[in-house]
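Take a look at the letters that make up each chain.
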Amino acid sequence: MESGMISVDKWSSGSQAYFLTHLHADHTVGLSSKWRRGLLYCSRITAKLFSCKFPGFDLSFLRVLDIGRWYSLSLTTPSSGSSTDIYVKAIDAQHCPGSVMYLFRGKFGCKLYTGDFRWEKSGNRVENARSMLLDAIKNEKLDVLYLDNTYCNPTYIFPSREAAAKQIVDIITSHPNHDIIIGIDSLGKEDLLLYISRTLNIKIWVWPERLQIMHLLGFHENFTTKTSLTRVRAVPRYSFSIETLEGLNMLQPTIGIMPSGLPWVSPKKKECSNDISGSAITNHNEYIFVVPYSDHSCFSEIQEFIELIRPINIRGIVSSSSCHIDPCYYLDHLCGTKQACWRIQRQHEIEEVTNSVEADEKQESESECIVSSTGVGRKRRLDQVDFFGIPVSRVSLLRRLSRGVKIANTEYISL
DNA sequence: GCGATCAGCT
DNA sequence: CACAGCTGATCGC
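On a predicted model such as this, the values are computed, not experimentally measured, just so you know. (Residues numbered from 1 in each chain as written. Chains lettered and ligands numbered in written order. Predicted model: local features only at pLDDT ≥ 70, side-chain atom pairs only at ≥ 80, totals over all residues. Heavy atoms only, no water.)

**A short note on the nonpolar core**
Then comes step 1: Formed by 78 residues in total, the largest nonpolar core has its most connected members in Phe19, Leu40, Phe50, Phe57, Tyr102, Phe104 and Phe223.
Then comes step 2: No other element matches helix α3 (residues 161-173), which puts 6 residues into this core.
Then comes step 3: Formed by 27 residues, the second largest nonpolar core is a distinct cluster that contains Ile91, Ala93, Met101 and Phe299. (Core = buried A, V, L, I, M, F, W, Y, C linked by side-chain atoms within 4.5 Å. Buried < 20%, exposed > 50% of the residue type's maximum accessible area, 1.4 Å probe, protein only. Helix = DSSP H or I, 4+ residues; strand = E, 2+ residues; numbered from the N terminus.)

**A closer look at the packing of α3 against helix α4 (residues 190-200)**
Then comes step 1: Running from N to C, α3 and α4 cross one another at 50 degrees; their axes reach a closest spacing of 10 Å. Taken together, the axes of α3 and α4 lie oblique to each other. Note on packing geometry: the crossing formed by α3 with α4 is right-handed. Every residue of α4 that contacts α3 at Ala165, Lys166, Ile168, Val169, Ile172 and Thr173 is listed here: Leu192, Tyr195, Ile196, Thr199 and Leu200.
Then comes step 2: Broken down by class, the residue content of the contact of α3 with α4 amounts to 8 nonpolar, 2 polar and 1 charged. (Axes fitted to C-alpha atoms, helices over the stretch in contact; angles between N-to-C directions. Parallel < 35°, antiparallel > 145°, perpendicular 65-115°, else oblique. Left-handed = near helix turned anticlockwise from the far one by under 90°. Contact = heavy atoms within 4.5 Å. Nonpolar A, V, L, I, M, F, W, Y, C, P; charged D, E, K, R; others polar.)

**Some remarks on the pattern of salt bridges**
Then comes step 1: The tally for this structure, following the rule as stated, stands at 15 salt bridges.
Then comes step 2: The salt bridge partner of Arg161 is Glu120, with a shortest N-O separation of 3.1 Å. Here Arg161 is found in helix α3, whereas its partner Glu120 is found in the loop between β8 (109-113) and α2 (124-137), with 41 residues between them in sequence.
Then comes step 3: Relative accessible area serves as the criterion here: at 11%, Arg161 is assigned to the buried category. (Salt bridge = Lys/Arg side-chain N within 4 Å of Asp/Glu carboxyl O.)

**Let's talk about the pairing of strand β5 (residues 70-76)**
Then comes step 1: For β5, the buried fraction is high: 7 of the 7 residues fall into the buried class.
Then comes step 2: Residues Trp70, Ser72, Ser74 and Thr76 line one face of β5 and the alternating positions Tyr71, Leu73 and Leu75 line the opposite face, and both faces are buried.
Then comes step 3: Count of turn residues in the β5/strand β6 (residues 83-92) antiparallel hairpin: 6 residues, of which Gly81 carries a positive phi of about 80 degrees. (Pairing = 2+ DSSP bridges.)

**Remarks on the side chain of Arg105**
Then comes step 1: Mapped onto the elements, Arg105 comes out in strand β7 (residues 100-106).
Then comes step 2: At 2.4 Å, the side chain of Arg105 and the side chain of Glu140 are in polar contact. (Polar contact = N/O pair within 3.5 Å; in protein donor to acceptor, adjacent residues only side chain to side chain.)

**Remarks on the packing of aromatic side chains**
Then comes step 1: If you walk through the whole model with that rule in mind, you get 16 aromatic pairs.
Then comes step 2: Between Phe19 and Phe104, the aromatic rings sit 5.0 Å apart at their centres with planes inclined by 85 degrees, giving edge-to-face as the arrangement. Of this pair, Phe19 sits in strand β2 (residues 17-19) while Phe104 is found in strand β7, placing the two residues 85 residues apart along the sequence. With respect to class, Phe19 is no different from Phe104; both count as buried.
Then comes step 3: Put simply, the rings of Phe19, Tyr41, Tyr102 and Phe104 pair up and form one aromatic cluster. (Phe/Tyr/Trp six-rings, centres within 6.5 Å; stacked < 30°, edge-to-face > 60°.)

**Some points on unusual backbone geometry**
Then comes step 1: Located in the positive-phi region is Asp9, a residue other than glycine, with phi close to 55 degrees.
Then comes step 2: With respect to the helices and strands, the residue Asp9 is situated in the loop between β1 (6-8) and β2.
Then comes step 3: The exposure class assigned to Asp9 is buried, which follows from its relative accessible area of 1%.
Then comes step 4: The backbone phi angle of Gln94 is positive, close to 55 degrees, even though this residue is not glycine.

**A closer look at the confidence of the model for chain A**
Then comes step 1: Averaged over every residue, the pLDDT of chain A is 76; the share at 70 or more is 70%.
Then comes step 2: Below pLDDT 50 for its whole length, residues 265-277 participates in 15 contacts with residues either more than four positions away or in separate chains.
Then comes step 3: Confidence over residues 321-325 falls short of pLDDT 50; this stretch has 5 contacts with residues more than four positions distant or in other chains. (pLDDT = per-residue confidence, 0-100.)

**Points about helix α1 (residues 44-53)**
Then comes step 1: Among the residues of α1, Thr46, Ala47, Leu49 and Phe50 are the ones counted as buried.
Then comes step 2: Buried-residue contacts for α1 involve β3 (40-42), β4 (62-64) and α5 (208-216).

**Section: the packing of α1 against α5**
Then comes step 1: With their axes 10 Å apart at the nearest point, α1 and α5 run at an angle of 160 degrees to one another. Relative to α5, the element α1 is oriented roughly antiparallel. Crossing hand, α1 versus α5: right-handed. In this structure, α1 uses Lys48, Leu49 and Cys52 to contact α5, whose residues at the interface are Gln212, Ile213 and Leu216.

**Focus on the environment of Arg125**
Then comes step 1: Position of Arg125 among the secondary structure elements: in helix α2.
Then comes step 2: The exposure class assigned to Arg125 is partly exposed, which follows from its relative accessible area of 39%.
Then comes step 3: For the pair Arg125 and Gln94, spaced 31 residues apart in sequence, the C-alpha to C-alpha distance is 7.5 Å.
Then comes step 4: Ignoring anything within four residues of it in the chain, the contact list for Arg125 reads Asp92, Gln94 and Asp191.

**A short note on the side chain of Thr230**
Then comes step 1: Here Thr230 shows up in the loop between β12 (223-224) and β13 (232-236).
Then comes step 2: The residues contacting Thr230, other than those within four sequence positions of it, are Lys203, Ile204, Trp205 and Thr224.

**Some details on α4**
Then comes step 1: Taken as a whole, α4 has its buried residues at Glu190, Leu192, Leu193, Leu194, Ile196 and Ser197.
Then comes step 2: Positive phi appears at Asn201, one or two residues downstream of α4, with a value of about 55 degrees.

This is the structure in structure tokens:
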């Protein structure tokens, strides 16, 4: 892309259009209720939750992108000042409520920004997302994949969230006379709590702000703020400690369950693990159970994702001090023009398309896998896409009506 | 006093 | 060490 006009999960500099993948705090640094910089595109669920996170935010800056639909933005090319169309589609990222990845197409080619995502092997949602993704890129190379590389290392092995949820229910049912507290964040893990609630036919206590989120998400029956109605409580993760559990146990037998995104099998400690599936429940002390429930993809899921879409380049969007070797190192062999063409060819065979295809080889030179630099800071950092641009002259939204290349006009979308 | 940023903690 | 996110200190306005 020519030096761009779009920012994804980056809010500090001037762009013509801003895209938000999801509402977790590390993706909204720089975003505030006083936002005035430009239009902000997000999913419908994210828009619904927006005022909880940013009270007083001027909602006229929000634009909803429905999942699976092509939209067109007419932006200005900074260098020439001429108008150029950019097409974008949001696809379910299965990370937390409202989370999406963004697929961009334009003169710059085809680029996918995953945001944080989980790509489990099976399930309705992943199958839906898979067909959406393949349908969107089937006839083109994917030039750049901006990848959630949080666990992009073969040592990161953990079970599906469904399997982890079953482990958690087993822990609860094996402690029939205990109170249960589960550590969660302000957004995410709703599917886990719903699974517990439905399987055990009990309500789950949440704090008042969290109940509001649950209601906005449409979950009215399974949650309560009345302590007396249930022995299972979901509490803010930062309030969850050994001291808390010890204090609670002076009043009532209580266990804590931490559905944790921590790297249970870290590279340095792998030799200490005797559980090859990565599904072990860690019993930190007599009160606390840590269960490997992750909203990020494990390594094999990342690998499967890359083999599915066969990008020419990969850039990690997460860098951290622990990555002495960039994790994308492990996936280098899955990148490149030949692989991209192979995907296109396979897709055509599958669909029995008779038309011949001339693969675009203009970007042949970019055959090596480009990866993000490893950070030196202590904190996890996002290497966001930041295409510096000039103020927007005109941003119109059009909807793609046909499955072909033609893009047709449609209505403006406003909240 | 407010917002942005960062260190520290879990 | 690492996640994601809160708290509190500090800095600039």
